[in-house]
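Close look at the chain arrangement
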Amino acid sequence: TLNSVDLSAAFMYGANLSGADLSGANLTKANLSFANLTGANLTKANLSFANLTGANFTNADLTNANLTGAIMPDGTKHD
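One structure accompanies this document, and this report is about it. (Residues numbered from 1 in each chain as written. Predicted model: local features only at pLDDT ≥ 70, side-chain atom pairs only at ≥ 80, totals over all residues. Heavy atoms only, no water.)

Turning our eyes to something else, we now look at the overall build of the chain. Helix and strand content of the chain: 0 helices and 0 strands. What you see for the chain is a C-alpha radius of gyration of 11 Å, in line with the 12 Å of a compact globule of 79 residues. By principal-axis analysis of the C-alpha atoms, the chain measures approximately 30 × 20 × 20 Å. The 79 residues of the chain split such that 42% are buried. Contacts in the chain between residues far apart in sequence, at least 24 positions, make up 0% of those at least 6 positions apart. (Helix = DSSP H or I, 4+ residues; strand = E, 2+ residues; numbered from the N terminus. Rg over C-alpha atoms; globule rule 2.2 N^0.38 Å. Buried < 20%, exposed > 50% of the residue type's maximum accessible area, 1.4 Å probe, protein only. Contact = heavy atoms within 4.5 Å.)

What follows is the structure, encoded as structure tokens:
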């Protein structure tokens, strides 16, 4: 459980966060490239400007998550 934690600018390349509770977490500018976020709870998480290249979000809950400027798993930039 890492809900509401501040992980802004954290380097979590390839981290296994499957099933993690990251609801309300601040992940602004975090590097989550190739992280496993399968089934993670990212409700209301701030992922603005995060690098999500190659990350696995299968069955993750991104309800009301902020993805402004994030680099998405396919390499595109979120508006």
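Turning our attention to the environment of Ala-35. Overall, Ala-35 belongs to the buried group, its relative accessible area being 1%. Considered as a pair, Ala-35 and Ala-55 are 20 residues apart in the sequence and their alpha carbons are 4.7 Å apart. Residue contacts for Ala-35: discarding those within four places in its chain leaves Met-12, Gly-14, Ala-15, Ala-55 and Asn-56.

A few words now on the environment of Met-12. Using a relative accessible area of 15% as the deciding quantity, one classes Met-12 as buried. Expressed as a C-alpha distance, the spacing of Met-12 and Asn-46, which sit 34 residues apart in the sequence, is 15 Å. With sequence-adjacent residues up to four places away left out, Met-12 is seen in contact with Leu-7, Leu-17, Leu-27, Ala-30, Asn-31, Leu-32, Ser-33 and Ala-35.

Taken together, the side chains of Phe-11, Tyr-13 and Phe-34 define a hydrophobic patch exposed on the protein surface, amounting to about 400 Å² of accessible area. Judged by its relative accessible area of 48%, Phe-34 falls in the partly exposed class. (Patch = residues over 30% accessible without salt bridge, like charges linked within 9 Å, V, L, I, M, F, W, Y side chains within 5 Å. Areas by Shrake-Rupley, 256 points an atom, 1.4 Å probe, with all protein chains shown as cover. Salt bridge = Lys/Arg side-chain N within 4 Å of Asp/Glu carboxyl O.)

Let us look at the packing of aromatic side chains. As enumerated under the stated definition, the model contains 2 aromatic pairs in all. With 6.2 Å between their ring centres and 10° between their planes, Phe-11 and Tyr-13 make a pair best called stacked. What links up through ring pairs into an aromatic cluster is the set Phe-11, Tyr-13 and Phe-34. (Phe/Tyr/Trp six-rings, centres within 6.5 Å; stacked < 30°, edge-to-face > 60°.)

Let's shift gears to unusual backbone geometry. The phi dihedral of Ala-9 is positive, around 65°, even though this residue is not glycine. Positive phi, normally seen in glycine, also occurs at Lys-44, with a value near 60°. Residue classification places Lys-44 among the exposed residues on the basis of a relative accessible area of 57%.

Below, the discussion takes up the environment of Asn-16. Residue Asn-16 is classed as exposed on the basis of its relative accessible area of 56%. C-alpha of Asn-16 to C-alpha of Leu-67: the two residues are 51 residues apart in sequence and 20 Å apart in space. A polar atom in the side chain of Asn-16 sits 3.0 Å from the side chain of Ser-18. (Polar contact = N/O pair within 3.5 Å; in protein donor to acceptor, adjacent residues only side chain to side chain.)

These figures capture arrangement, not role.
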